[in-house]
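Architecture and fold: a report
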Amino acid sequence: MKVLLIGSGGREHALAWKIAQSPLLDALYAAPGNPGIADHAMLVELNVEDHAAVIAFAKEKAIDFVVIGPEAPLVAGLADDLRAAGIATFGPSKAAAQLEGSKGFTKDLCARYDIPTGAYQRFKSAEPAKDYVRAQGAPIVIKADGLAAGKGVTVAMTEAEALAAIDDCFDGAFGAAGAEVVVEAFLDGEEASFFCLSDGKTALALATAQDHKRVGDGDTGPNTGGMGAYSPAPVMTATMVERTMKEIIEPTISGMAKDGNPFSGVFFAGLMITAKGPELIEYNVRFGDPECQVLMMRLKSDLLPILYATATGTLDRVDAEWRDEAALTVVLASKGYPGAYDKNTPIAHIPEASEEAKVFHAGTALKDDRLVATGGRVLNVTALGKTVTEAQAHAYALADRVEWENGFCRRDIGWQAVAREKA
Ligand code: AMP
Ligand code: GLY
């Protein structure tokens, strides 16, 4: 099979690394890719916003299958255009990608199909939103409706904070994403992420994972795209997985199909495990980054036929096997992230991969043949271990061997799971 992978982050490096191990693979291309992905794929300079150019390239190289990593091309309808051109594609349609692209869309789906989630209302102007907040009281959650790179959510512990967040949204802090606002009840519990494939009819649960969104140790400081992750997430017991499938995923699959938007691709459900059970915080329609890195480390099965079955409506014929070991990834980021940071700082050394550990590239480039850091999140140091505690020790031992002066990382990734293992 000839495969084209779209994307350039750590998630795509992990997908490329795993796809490259498939005996079914004849050739792997990545657009635009990164220097780490270049170890497994031929990099192609394509503007992925130019769908005609992507299709032309796919036809020229007789690509059998396209795997789309990030959400932006999905929300822009790249999967629809590729499928219309007769090319099998992993990733939901533009209509189904609204599950991630519009929080209001997802909340309405939950209301229609009785999917547990926080009570909410949608607003197109500030005053009625503020009246609702005053009526409900704090804590309460304010969300810009559209894609805001993870920054459009305010968990307001006071009413004043909530009112200010409403003003921010309507004053344009998140651009067009904030033109509509969702005000949602605060859910109390432990968060977990759950991954599940669907071909529109069948569901295949993947492993659980947990990331750390805050930049600082002890889950302090501003939110980021994720500073590290581990799998499995112990809060997701077998019972919780079963309940999530039955109460959240299955009604989503049948509801989306009923509404004329059948979903094919990966559900990344952000859950709050409350006293009542799993409740949906949000859906993403792509693999989490860096959650994907730990899932790929733990996946024993060949990824390629699983993704292909998802894309072609034959998911009922495949299964996914997982290693018993835990996996943990530590994000090395540029000093200053998630604020301003220097670009093009040199990375002098990255340790070799082994069976048990691998450094994925997330924001790197080659400049005059030297590896430099170009992004906020730059490397994902990922390792396996018998327990999360052991995976954590392996990952930090490897991270300490990376030579990059401008990099930093959290030192406590996996702390909740490590505390549980100690208890
Ligand atoms: P989201 O972008 O919707 O995942 O929200 C970002 C983060 O805000 C989540 O990971 C949670 O930590 C928090 N959050 C979102 N919605 C709620 C809610 N209803 N109750 C409590 N925390 C929430
Ligand atoms: N790590 C969170 C995300 O990918 O959205």
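The coordinates are above.
Each value, and the rule that gives it
- Residues numbered from 1 in each chain as written.
- Chains lettered and ligands numbered in written order.
- Predicted model: local features only at pLDDT ≥ 70, side-chain atom pairs only at ≥ 80, totals over all residues.
- Heavy atoms only, no water.
- Salt bridge = Lys/Arg side-chain N within 4 Å of Asp/Glu carboxyl O.
- Helix = DSSP H or I, 4+ residues; strand = E, 2+ residues; numbered from the N terminus.
- Buried < 20%, exposed > 50% of the residue type's maximum accessible area, 1.4 Å probe, protein only.
- Phe/Tyr/Trp six-rings, centres within 6.5 Å; stacked < 30°, edge-to-face > 60°.
- Pairing = 2+ DSSP bridges.
- Axes fitted to C-alpha atoms, helices over the stretch in contact; angles between N-to-C directions.
- Contact = heavy atoms within 4.5 Å.
- Parallel < 35°, antiparallel > 145°, perpendicular 65-115°, else oblique.
- Nonpolar A, V, L, I, M, F, W, Y, C, P; charged D, E, K, R; others polar.
- Near = heavy atom within 4 Å.
- Polar contact = N/O pair within 3.5 Å; in protein donor to acceptor, adjacent residues only side chain to side chain.
- Areas by Shrake-Rupley, 256 points an atom, 1.4 Å probe, with all protein chains shown as cover.
- Left-handed = near helix turned anticlockwise from the far one by under 90°.
- Core = buried A, V, L, I, M, F, W, Y, C linked by side-chain atoms within 4.5 Å.

**Observations concerning the pattern of salt bridges**
Tallying each qualifying case throughout the model produces 22 salt bridges. A salt bridge links K143 to E184, with the shortest nitrogen-to-oxygen separation between them at 3.3 Å. Of this pair, K143 sits in strand β7 (residues 140-144) while E184 is found in strand β9 (residues 181-185), placing the two residues 41 residues apart along the sequence. A relative accessible area of 3% means that K143 is categorised as buried. Looking at E184, the relative accessible area reads 3%, which means it is buried.

**Considering the packing of aromatic side chains**
With the rule as written, the count across this model stands at nine aromatic pairs. Their ring planes at 75° and their centres at 5.5 Å tell us that W17 and F360 sit as a pair that is edge-to-face. Of this pair, W17 sits in helix α1 (residues 10-19) while F360 sits in strand β19 (residues 357-361), and the two are 343 residues apart along the sequence. Look at F267 and Y283: their rings are 5.2 Å apart centre to centre, the planes differ by 40°, and that puts the pair in the tilted class.

**Re the sheet that holds strand β6 (residues 120-123)**
The antiparallel open sheet is built from four strands, whose spatial order is β6-β9-β7-β8. The open sheet is flanked by β6 and β8 (153-156), the only strands paired with a single partner. This sheet shows a mean twist of 15° between the axes of neighbouring strands, independent of strand direction. Lying over the sheet, helix α7 (residues 126-136) contacts β6, β7 and β9, oriented at roughly 160° with respect to β6.

**Focus: the packing of α1 against helix α11 (residues 303-311)**
It is at 8 Å that the axes of α1 and α11 come closest, and there the two elements cross at 110°. Considering the angle they form, α1 stands roughly perpendicular to α11. Residues L15, K18 and I19 of α1 form the contact with α11, whose participating residues are L303, L304 and L307. Residues that form the contact of α1 with α11 fall into these classes: five nonpolar, no polar and one charged.

**Brief notes about the sheet that holds strand β18 (residues 345-346)**
In spatial order, the strands read β18-β21-β20; together these three strands make up an open sheet with antiparallel pairing. For this open sheet the edge positions go to β18 and β20 (364-367), each flanked by a neighbour on one side alone. Across two bridges, β18 lies against strand β21 (residues 370-373) in antiparallel orientation. Across the sheet, residue P346 finds its bridge partner in β21, namely V372.

**Details of the site of ligand 1**
By nearness alone, 14 residues border ligand 1, and E184, A185, L187, E191 and E282 come closest of all. Measuring from a nitrogen atom of ligand 1, one finds a backbone N or O atom of A185 at 2.9 Å. Relative to its unbound accessible area of 470 Å², ligand 1 is 90% covered by the protein chains. Residues that form the shell around ligand 1 fall into these classes: eight nonpolar, no polar and six charged.

**Structural notes on the environment of A31**
Within the fold, A31 resides in strand β2 (residues 27-32). As for A31 and L206, which are separated by 175 residues in sequence, their C-alpha atoms are 26 Å apart.

**Some words on the site of ligand 2**
Ligand 2 sits among D211, G225, F268, R286, G288, D289, P290 and E291. Take D211: an N or O atom from its side chain is 2.8 Å from a nitrogen atom of ligand 2. Here the residues of the shell around ligand 2 are counted per class, giving two nonpolar, two polar and four charged.

**So, the packing of α1 against helix α10 (residues 291-298)**
The interhelical angle for the contact between α1 and α10, taken along N-to-C directions, is 15°, at an axis separation of 8 Å. Considering the angle they form, α1 stands roughly parallel to α10. With respect to the hand of their crossing, α1 and α10 are arranged in left-handed fashion. Of α10, the residues touching α1 (which contributes G10, R11, A14, L15, W17 and K18) are C292, Q293, M296 and M297. When the residues that make up the contact of α1 with α10 are grouped by side-chain class, the tally is six nonpolar, two polar and two charged.

**Description of the nonpolar core**
Of all hydrophobic cores here, the largest spans 47 residues; its most connected members are L4 and L99. No other element matches helix α9 (residues 238-258), which puts six residues into this core. Those residues within four positions of L99 in sequence are excluded, and the remaining contacts are F105, T106, L109, T252, M256, F263, F267, Y283 and V285. Core analysis: the second largest hydrophobic core is formed by 45 residues, V67, F195, L204 and L299 among them.

**Describing the side chain of K103**
Within the secondary structure, K103 sits in helix α6 (residues 103-112). Given a relative accessible area of 19%, K103 falls into the buried group. For K103, the side chain forms a polar contact with the side chain of E282, separated by 3.3 Å. If we skip the residues at most four places from it in the chain, K103 touches K143, A144, D145, V153, V182 and E282.

**Some points on unusual backbone geometry**
Omega for the peptide link from A31 to P32 comes to -10°, which places this bond in the cis form. Mapped onto the elements, P32 comes out in strand β2. That bond from S231 to P232 is cis: its omega, 0°, falls within 30 degrees of zero. Along the chain, P232 turns up in the loop between β14 (228-231) and α9. At A62, a residue that is not glycine, the phi angle is positive and equals roughly 50°. On the accessibility criterion, A62 (43% relative accessible area) is partly exposed. Positive phi outside glycine occurs at N344, with the angle close to 65°.

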